[in-house]
Amino acid sequence: MESFALERIYRFTDIIVRTAYINILVIAFSLLGLIVFGFFPAIIAAFSIFRKWFTGYSDISITKTFWRVYKREFVRSNLVGFIVVLVGGLLFINLSIAEVIQHEGIRLTYYPLLLVNILFLGMLIYLLPMYVHFEMNLVELFKNAFLCMFAMPLLTIVLVVTIVLIYFLFTIIPGLLPFFGFSLFILVMMKGALISFERMLGFSDIAKE
């Protein structure tokens, strides 16, 4: 009984240490790419490592795998990131304009724009996990990430609530940010997305090794 408890403690501690190390790698490799060009490749590399762990490859070299994915996906991940930032920025600007402009016609667009912004954020929960788990072109990637949000609505809600709770945790304990500010969100999103992928039909044939 005691050895079982010690084993559980060891495994939990190991997960914490690995998760913190990945967060440090995300920060370091984002700086390596001058943040603008390094952020999305680093995020994709982190998603790839968590995906490996959750699919049975727990003994991989974290640093080597991170660097390999970072280099391989540098251009494509930045392209996806550019699309996300561009579309997200335009949606946010339009929502802000609709909120502050007093013209009645523009004010009427506020709630439809708010809904579009919410759906866009919901899609992002599945977008990057889908990026690392399936072989898809960009159009298929964005389309299927959007559809996945509705395929498992309860799971999507649970993921959103969990992400919000993690956010509040970091506002209460900001000292955790250097160690888990990115990696904890990535861990939750990847695990939740994999549950969704496993339950969706027609995806098994295009999953990566």
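Just so it is clear, the model here is predicted, and its values are computed rather than measured.

### So, unusual backbone geometry
Phi at Leu 34 takes a positive value of approximately 60°, unusual for a residue other than glycine. Following the sequence through the fold, Leu 34 ends up in the loop between helix H1 (2-32) and helix H2 (39-54). One non-glycine residue, Ile 35, lies in the positive phi region at around 65°. Examined against the element boundaries, Ile 35 turns out to sit in the loop between H1 and H2. Residue classification places Ile 35 among the partly exposed residues on the basis of a relative accessible area of 48%.

### Description of helix H8 (residues 153-172)
When the terminal C-alpha atoms of H8 are compared, their 29 Å separation across 20 residues agrees well with the 28 Å that a helix rising 1.5 Å per residue should span. Here H8 has its buried residues at Leu 155, Thr 156, Leu 159, Ile 163, Ile 166 and Phe 170. For H8, the arc enclosing every buried residue in end-on projection is 100°, short of the 170-degree limit, so these residues lie on one face. H8 presents Leu 154, Ile 157, Leu 165 and Ile 172 as exposed residues on the side facing more than 90 degrees away from its buried surface. Along its buried surface, H8 packs onto helix H6 (110-133), helix H7 (138-151), helix H9 (177-180) and helix H10 (183-199).

Conventions adopted
Residues numbered from 1 in each chain as written. Predicted model: local features only at pLDDT ≥ 70, side-chain atom pairs only at ≥ 80, totals over all residues. Heavy atoms only, no water. Helix = DSSP H or I, 4+ residues; strand = E, 2+ residues; numbered from the N terminus. Buried < 20%, exposed > 50% of the residue type's maximum accessible area, 1.4 Å probe, protein only. Expected span 1.5 Å × (residues − 1). Arc of directions from axis to C-beta. Contact = heavy atoms within 4.5 Å.

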